[in-house]
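Residues per chain are reported as follows:
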Amino acid sequence: MIDLAENPFAVHSPDALKDVPAEQIVDLFIEEHTQLDNVKEQKHTFIWGPRGSGKSFMLRYLEPQCRFVEYNSPDDFFDSDKPFLGIYTPCKKGEIDKTELDLLNDRASQVISEHLLNLTVAEETLSTLSGQFPSSYFDHDEKVRFSRRILDLFDSGSITASREYASDRYDQDEEPFRWLEELFISEKRQISHYLQELALSSDAKYTGATSGYHDFLLPLMSNVQQLLGRSDVPVYIFIDDAFHLFEEQQEVINTWIANRDQSTLCVKISSTRDRYETFETTGRGRIEETHDYNKIDFEELYTGEDKQYSKKVRDIVEKRLEVSGVPTTDIGEFLPYREFEQERLDEIKDELEDEWLEEGKPGRQSDYTSRYAKARLFQELAAGKTEKFYSGFDEIVHISSGVVRNFLEPCQLMFNEVKREGDNVDDITHIPPRIQHKVLKQNSEDFLKEAPEKIAKTLPEEDMGYIEDLKTLVRSLGELFYHRLHDPDSREPRVFSFTIRGDIPSDSDLDRVLELGERIRYFKVKTYSTKEGGGRSDWYILNRRLAPMFKLDPTGFEGRITLTPELLEIGCNDSSEFVRRRLDIDDKQESLNTFTEEK
């Protein structure tokens, strides 16, 4: 379970959630700002979002055991409006995406991949039926008949070895669910053994069963409906972390979606958007949004409206504070700002009101204050050689960059730091700003250093050489934005993003460096309307988790800075030269362009 009594910000990996009691998942889940109703709809759905944004927790919340807790019993849930049976199917690294599949020709790889996916879903289905329903829910004779019908979906000759394996462990007539689980496990093991032999010898032969969508997966789910005695309850397959799958395996899932059998089977796929490689099917068709599936984008949902994300995080952590039993349940009080910084910021805002009047009321007063207040605070602190503390709920929300886990993990470390200083959990009323700042600064430095290392194993060998170029470019940008923020004469001090003026030369590696930066999440790439009209261009926003390292303001930004491909290439190699050249350009430039963000 998630032990909130020891730390209200405790974070578990998606794999560990299987050990969290259903009651705790239901208690901690916050439905607001998740578009949960859209996920519940009887239609295939893609759920896009970065790792740590809450996709897995939401899918776990939709499993039967949690539905039964919320509705008090299975029958109460299945009698409710729009019921479903959710089968959580994680794509664990290395279990489905077996590298040996590359040794097969395309058609053989497709057949084995689909069988492996079917078996994985089938195994999770049996695990759900046996482990998440009350032990007496299904009639025993019906379970036996169910297991025999599922066995009949396979060719009897090809399934012989797995049938014997299952029967050596369980009696089909006594424990039909466990018997079927062992059958599926044996079939998966046969595939693994075959692929291992194939790696050693091209003469290896596969003698196990195969299965497809129409001859196995769809009939399996129809039989599940029959076992439930509820033909009107669709089965939802929750494919979690689908970015782990190979492109050919994603094509198999797309083919399931293309069949549009939602009355029996709905597929809900969670993945990072950039690593779901294809929307083609195995037959070279293509699934289309709205026509074949709906989508939910956690990143658009949370970063498109900062207030919505802030409210989401507040609801989540205040529920955790309440459950943990700590004395303070208001997260604003639990994560206070550095007092003298907040007082000085309020004074600066008052001073800017007078300045706005003296300057002839340029634009709206609120915009003028927002543009310059935090910048003036940073400038004053730097001039007085006083370190800016990163602290306070709102500031940490901005630093987390739309990913809930990026908020919880540093707060978990902060809480542990307070405990190490000798405070008992029951006596912790807040986390001091100095501890907040210490953890956030270290977290920021670790992000720049360690993020590439975490994905290095998944990178093509030819991309490995771009890692150092990327880290140098990020440092170059961080130093440039620092100079802009701390320049009292800068008209747009809170710049945190850039666009590229001109085409990147075909012989340049800059494209690969920027793509790697997006994958590692150093950059968030959006689009903006060009001032000249007639199109949209890419807009690169630096991840706000990097703000403490480069002493930048994470709470917002104004405008964008324009860089040429040639200057960015310099930034990949020499930060000092990059900053010097760009600041020389700024001295000659009147102001930055404004932009229109894509809605």
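Just above, that's the structure.
Residues numbered from 1 in each chain as written. Predicted model: local features only at pLDDT ≥ 70, side-chain atom pairs only at ≥ 80, totals over all residues. Heavy atoms only, no water.

## Here's the deal with the sheet that holds strand E7 (residues 523–529)
By definition, the strands of a sheet pair up through backbone hydrogen bonds, in either a parallel or an antiparallel sense. The test is simple: Paired strands, in this sense, are two strands between which DSSP finds at least two bridges. Going along the chain from the N terminus, every DSSP run of H or I of four or more residues is numbered as a helix, and every run of E of two or more is numbered as a strand. Interaxial angles span 0 to 180 degrees and are taken between N-to-C directions of axes, which are lines fitted to C-alpha atoms, for helices over the stretch in contact. In this analysis, two residues are considered to be in contact whenever any of their non-hydrogen atoms come within 4.5 Å of each other.
Strand order in the open sheet formed by four strands is E7-E8-E6-E9, with mixed pairing between adjacent strands. Both edges of this open sheet fall to E7 and strand E9 (561–563), since each of them pairs with a single strand only. Averaged over all neighbouring strand pairs, the angle between strand axes comes to 35 degrees, with direction disregarded. In terms of strand pairing, E7 meets strand E8 (residues 536–542) through seven bridges, oriented antiparallel. Its bridge partner lying in E8, Ser 529 is registered against Arg 536. The sheet strands contacting helix H20 (residues 466–485) are strand E6 (497–500), E7, E8 and E9, and the helix crosses E9 at an angle near 140 degrees. Sheet strands in contact with helix H21 (residues 510–520) are E6, E7 and E8, and its direction is about 110 degrees off that of E7.

## Quick look at helix H11 (residues 247–259)
The condition is simple: A helix is expected to reach a length of 1.5 Å times the quantity of its residues less one. Under the scheme applied here, a residue whose accessible area is under 20% of the maximum for its type counts as buried, over 50% as exposed, and between as partly exposed, the area being computed with a 1.4 Å probe on protein chains only.
Here H11 spans 19 Å end to end across 13 residues, near enough to the 18 Å set by a 1.5 Å rise per residue. Gln 249, Gln 250, Glu 251, Val 252, Ile 253, Asn 254, Trp 256 and Ile 257 are the residues of H11 that are buried. Where the residues of H11 are buried, they touch strand E1 (45–48), helix H6 (106–131), helix H10 (213–228), strand E3 (235–240) and strand E4 (265–271). Two residues or fewer after H11 comes Arg 260, characterised by a positive phi angle close to 55 degrees.

## Describing unusual backbone geometry
Unusually for a residue other than glycine, Thr 290 sits at a positive phi of about 75 degrees. Relative to the assigned elements, Thr 290 resides in the loop between E4 and strand E5 (294–297). Overall, Thr 290 belongs to the exposed group, its relative accessible area being 55%. Phi at Ser 401 takes a positive value of approximately 55 degrees, unusual for a residue other than glycine.

## Let's talk about the packing of helix H19 (residues 433–455) against H20
We apply this condition: Small angles under 35 degrees read as roughly parallel and large ones over 145 as roughly antiparallel, with 65 to 115 read as roughly perpendicular and the rest as oblique. Crossing chirality is assigned from the near helix's rotation relative to the far helix, an anticlockwise turn below a right angle marking it left-handed and a clockwise turn marking it right-handed.
Axis separation between H19 and H20 bottoms out at 11 Å; the angle between their running directions is 160 degrees. When the axes of H19 and H20 are compared, the pair comes out roughly antiparallel. Viewed along their axes, H19 and H20 form a crossing whose handedness is right-handed. Contacts from Leu 448, Lys 449 and Pro 452 in H19 reach Ile 467, Lys 471, Val 474 and Arg 475 in H20.

## Digging into the side chain of His 437
With respect to the helices and strands, His 437 occurs in helix H19. Dropping the residues within four chain positions of it, His 437 is found in contact with Glu 387, Lys 388, Phe 389 and Tyr 390.

## Structural notes on a negative patch on the surface
Just so we agree on the cut-off: Each patch groups residues whose relative accessible area exceeds 30% and which form no salt bridge, using 9 Å between like charges and 5 Å between nonpolar side chains of Val, Leu, Ile, Met, Phe, Trp and Tyr. Each accessible area is a Shrake-Rupley estimate made with a 1.4 Å probe; only the visible protein chains count as cover when residues are assessed. Every case where a carboxyl oxygen of Asp or Glu lies within 4 Å of a side-chain nitrogen of Lys or Arg is listed as a salt bridge. Charge assignment: positive for Lys and Arg, negative for Asp and Glu; neither His nor the chain ends contribute. All charge positions are set by atom: Lys at NZ, Arg at CZ, Asp at CG, Glu at CD.
Taken together, Asp 102, Asp 106, Glu 247, Glu 248, Asp 274, Glu 277, Asp 511, Glu 515, Glu 518 and Asp 538 make up a surface patch of like negative charges. Only H11 and H21 provide two or more residues apiece to the negative patch. Among the elements that make up the negative patch, the one with the highest residue count is H21 (three residues). Its place among the elements puts Asp 106 in helix H6.

## As for the environment of Leu 459
On the secondary structure map, Leu 459 appears in the loop between H19 and H20. Each C-alpha atom of the pair Leu 459 and Asp 297 lies 25 Å from the other, and the pair is 162 residues apart in sequence. With residues up to four places along the chain from it excluded, the contact list for Leu 459 reads Met 464, Ile 467, Leu 516 and Arg 519.

## Overview of the nonpolar core
Basically, it comes down to this: Buried Ala, Val, Leu, Ile, Met, Phe, Trp, Tyr and Cys residues form a nonpolar core when they are joined through side-chain atoms within 4.5 Å.
Counting residues in each nonpolar core, the largest one holds 90 residues, and the members touching the most others are Phe 146, Phe 184 and Ile 253. With residues near it in sequence (within four places) discarded, Phe 184 still touches Leu 119, Ala 122, Glu 123, Leu 126, Ile 150, Phe 154 and Phe 216. With 38 residues, the next largest nonpolar core counts Val 474, Ile 500, Tyr 522 and Leu 567 among its residues.

## Thoughts on the environment of Asp 487
Formally: Two N or O atoms form a polar contact when they lie within 3.5 Å of each other; inside protein one atom must be a possible hydrogen donor and the other a possible acceptor, and for residues adjacent in sequence the pair counts only when both atoms belong to side chains.
Mapped onto the elements of the fold, Asp 487 is located in the loop between H20 and E6. Residue class for Asp 487 comes out partly exposed when judged on its relative accessible area of 32%. Measuring from C-alpha to C-alpha, the distance between Asp 487 and Gly 502 comes to 27 Å, with 15 residues separating the pair along the chain. A polar atom in the side chain of Asp 487 sits 3.0 Å from the backbone nitrogen of Asp 489.

## As for the pattern of salt bridges
Under the definition given, this model contains 38 salt bridges. Across the pair Glu 251 and Arg 284 runs a salt bridge whose closest N-O atoms are separated by 2.7 Å. One end of the pair, Glu 251, is in helix H11; the other, Arg 284, is in the loop between E4 and E5, and 33 residues separate them in sequence. Residues Arg 581 and Glu 577 are paired through a salt bridge, measuring 2.7 Å at the closest nitrogen-oxygen approach. Placement of both Arg 581 and Glu 577 in helix H24 (residues 575–588) is noted, with a separation of four residues, approximately one turn of the helix. Assessed through its relative accessible area of 40%, Arg 581 is described here as partly exposed. Within the structure, one salt-bridge network assembled from shared partners comprises Arg 338, Glu 341, Lys 374, Lys 388, Glu 395, Arg 494 and Asp 553.

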